[in-house]
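# Survey of secondary and tertiary structure
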Amino acid sequence: DAKTTQPNSMESNEEEPVHLPCNHSTISGTDYIHWYRQLPSQGPEYVIHGLTSNVNNRMASLAIAEDRKSSTLILHRATLRDAAVYYCILILMDSNYQLIWGAGTKLIIKP
Amino acid sequence: DAGVTQSPTHLIKTRGQQVTLRCSPKSGHDTVSWYQQALGQGPQFIFQYYEEEERQRGNFPDRFSGHQFPNYSSELNVNALLLGDSALYLCASNRGGGKETQYFGPGTRLLVL
């Protein structure tokens with residue numbers, strides 16, 4: 001069964017880069033990798049997604065390993081507002097686009 | 001442009017009762033998915049609706065049912081509530097049967113006493 005594995009929590013200092021890892025060794029060739037984050041008392045918010053190539057947007061960068069069995073979400077300069085639970089998710093293209101959620105990484109930002 | 005909206009925001013019920021939660025998708029979206037999120041856990045997929053039909057379902061009992069209306073809004077119904085049904089219920093919407101990025105509502109917090 002497809003699944004993702006993430007560290008339970010990570011700490012970082014404000015204004016420094018943060019690298020959030022995710023393992024998805026069971027990923028198949030057509031599955032997309034999505035990242036969402038969830039702030040306290042809110043619904044999850046889309047961050048970024050990719051298939052094979054590294055991706056950048058205004059929120060973050062996504063680095064995908066060459067074998068696609070792992071990926072890293074990069075926040076280039078973390079602020080206190082980035083404190084949230086970050087979820088690494090697989091979108092199974094061959095299973096009606098089913099989402100496979102990891103347990104999430106709680107990111108703590110220290111001022 | 002309104003995002004995904006859910007109602008009510010909070011709800012308290014007692015065991016055995018029935019509850020209906022509502023979701024309006026983001027403008028232009030036709031697919032609605034429902035998730036249950038227990039405290040401290042990641043969201044668990046309940047089911048997805050597209051073209052007014054349930055397309056896929058997670059590992060939830062038949063007590064959980066849903067509906068999608070012609071305007072793409074959706075309802076989640078839970079019968080015979082159990083204490084373990086206490087959770088945040090999230091609705092997400094996207095287009096085209098689920099292929100595109102999902103946008104989530106703020107959720108409905110359900111407490112079963």
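Look up: the structure comes first, before these words.
Let us look at the structure shown here. (Residues numbered from 1 in each chain as written. Chains lettered and ligands numbered in written order. Predicted model: local features only at pLDDT ≥ 70, side-chain atom pairs only at ≥ 80, totals over all residues. Heavy atoms only, no water.)

## Section: the interface of chain B and chain A
Across the contact, 18 residues belong to chain B and 16 residues belong to chain A. Surface buried jointly by chain B and chain A totals about 1,400 Å² across both partners, of which 55% is contributed by carbon and sulfur atoms. Between chain B and chain A we count zero salt bridges in total. Within the residue set of the side of chain B that touches chain A, elements represented by two or more residues are strand E4 (31-37), strand E6 (53-57) and strand E9 (87-94) of chain B. (Contact = heavy atoms within 4.5 Å. Buried area = accessible area lost by both parts, 1.4 Å probe. Salt bridge = Lys/Arg side-chain N within 4 Å of Asp/Glu carboxyl O. Helix = DSSP H or I, 4+ residues; strand = E, 2+ residues; numbered from the N terminus.)

## Some thoughts on the sheet that holds strand E5 (residues 55-56) of chain A
All names here are of chain A. Taken in spatial order, the four strands line up as E2-E7-E6-E5 in an open sheet, and their pairing is antiparallel. The open sheet has two free edges, formed respectively by strand E2 (18-23) and E5, since each of these has just one partner strand. Bridge analysis of E2 against strand E7 (residues 70-75) gives six bridges, and the strand direction is antiparallel. The residue bridging proline 21 from the neighbouring strand is threonine 72, located in E7. (Pairing = 2+ DSSP bridges.)

## Considering the pairing of strand E7 (residues 64-68) of chain B
All names here are of chain B. Of the two faces of E7, the one holding Phe64, Gly66 and Gln68 is buried and the one holding Ser65 and His67 is not buried anywhere. By the bridge criterion, five bridges tie E7 to strand E8 (residues 74-78) in an arrangement that is antiparallel. By the bridge assignment for E8, histidine 67 is matched with glutamate 75. Here E7 folds back onto E8, and the loop between the two strands holds five residues, one of which, tyrosine 72, carries a positive phi near 80 degrees. (Buried < 20%, exposed > 50% of the residue type's maximum accessible area, 1.4 Å probe, protein only.)

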